[in-house]
Structure formats: structure tokens, C-alpha cells
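# Structural features, examined
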Amino acid sequence: MPREGEPRTARAAGPEAAARVFVDPALCIGSGICLATAPRHFEPGGDNRSRARPDAPASDESAEDAAALCPVEAIGLVAGPPAPGPPPGP
Ligand code: SF4
């Protein structure tokens, strides 16, 4: 889950924000929609869930689309360099 005050979705981050994607593994149900929509940003996690690619580029339109299409809102964006997992908890 994003920390309080962090953008919840790609659209919430705004088009000018340099952001990377993350997947909340507690929410992901493994639909694979993000893999099909934004394969440069997401990869299979090996546990029937998706995860952010460690080498994912900064967020773009395909990442925004994946966040909007995720059926359980498991995708979010945070500022900073790409990382494989969700941001640290509180
Ligand atoms: S679209 Fe959402 S639920 Fe489906 S695999 Fe991606 S993160 Fe998981």
C-alpha cells in the first residue's frame, strides 16, 4: 500500500511527476492485465502475481493505463528510481 500522502494511481501522480510503478502484493490477484498493457514496467513475480520490473523506465502512458485497468487497484506510483517491490511500510 502507498504510504499516506503518496499518489494512489498513475493519474494521481500527474503527468509531470517522475515516478516509478509498484505493485502491492497483498492486493494483486494475478489477472495479468498490467503485463499485457505495460510489459516494460511489469513482469511475472513467480507467485501468480505481477511485480514492477527492476529495470522499468519512468512512468508513461502505458503504466498509467495499467494502473487504471488493474481490477483491484494494486498498482501505484511513487517518485524515485525503479525498484522491484513496493515502498517500505510506515
Ligand atoms: S493488473 Fe493488477 S491484479 Fe492484475 S496482475 Fe497487474 S497488479 Fe495484479
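What you are looking at is a predicted structure, and each value in this text was computed from that prediction instead of being measured.

Cut-offs and rules
Residues numbered from 1 in each chain as written. Predicted model: local features only at pLDDT ≥ 70, side-chain atom pairs only at ≥ 80, totals over all residues. Heavy atoms only, no water. Helix = DSSP H or I, 4+ residues; strand = E, 2+ residues; numbered from the N terminus. Buried < 20%, exposed > 50% of the residue type's maximum accessible area, 1.4 Å probe, protein only. Contact = heavy atoms within 4.5 Å. Areas by Shrake-Rupley, 256 points an atom, 1.4 Å probe, with all protein chains shown as cover. Salt bridge = Lys/Arg side-chain N within 4 Å of Asp/Glu carboxyl O. Near = heavy atom within 4 Å. Nonpolar A, V, L, I, M, F, W, Y, C, P; charged D, E, K, R; others polar. Polar contact = N/O pair within 3.5 Å; in protein donor to acceptor, adjacent residues only side chain to side chain. Pairing = 2+ DSSP bridges. Core = buried A, V, L, I, M, F, W, Y, C linked by side-chain atoms within 4.5 Å. pLDDT = per-residue confidence, 0-100.

### Looking at the overall build of the protein
- The number of helices and strands found in the protein is three helices and four strands.
- Among the 90 residues that make up the protein, the fraction classed as buried is 33%.
- Relative to all contacts within the protein whose residues are 6 or more apart in sequence, the contacts with residues 24 or more apart total 65%.
- Of the roughly 4900 Å² that the protein leaves accessible, carbon and sulfur atoms contribute 56%.

### Notes on the pattern of salt bridges
- One pass over the full model with this rule turns up four salt bridges.
- Across the salt bridge formed by Asp47 and Arg49, the nearest N and O atoms sit 3.5 Å from each other.
- The class for Asp47 is partly exposed, based on a relative accessible area of 39%.

### Re the site of the ligand
- Every residue close to the ligand is listed here: Val23, Cys28, Ile29, Gly30, Ser31, Gly32, Ile33, Cys34, Ser50, Cys70, Val72 and Ile75.
- For the shell around the ligand, the class distribution of residues is eight nonpolar, four polar and no charged.

### Focus on the side chain of His41
- Its place among the elements puts His41 in the loop between helix H2 (33-37) and strand E2 (42-44).
- The buried category is assigned to His41, whose relative accessible area is 0%.
- Among the polar contacts made by the side chain of His41, one reaches the main-chain carbonyl oxygen of Pro57 at a distance of 3.5 Å.
- In this structure the side chain of His41 is engaged in a polar contact, spanning 3.0 Å, whose partner is the side chain of Asp60.

### Here we look at the pairing of strand E4 (residues 75-79)
- The element E4 is extensively covered by neighbouring structure, given that four of its five residues are classed as buried.
- Pairing between strand E1 (residues 19-23) and E4: five bridges, direction antiparallel. In the sheet register, Ala19 faces E4, and the bridge partner there is Ala79.

### Regarding the pairing of E1
- Counting buried positions over the five residues of E1 gives five, a clear majority of the element.
- By the alternation rule, side chains of E1 split into Ala19, Val21 and Val23 and Arg20 and Phe22, which are all buried.

### Quick word on the nonpolar core
- Core analysis: the largest hydrophobic core is formed by 15 residues, its most contacted members being Val21, Val23, Cys34, Phe42, Ala66, Ala74 and Ile75.
- Listing elements by their share of this core, those giving two or more residues are E1, helix H3 (61-69) and E4.

### With respect to the confidence of the model for the protein
- A residue-level look at the protein finds 68% of positions with pLDDT of 70 or above and a mean pLDDT of 81.
- By mean pLDDT, helix H1 (residues 10-13) is the weakest element of the protein at 45, and H2 is the strongest at 98.
- Of the regions scoring below 50 in pLDDT, residues 10-16 engages in 10 contacts with residues more than four places distant in sequence or in other chains.

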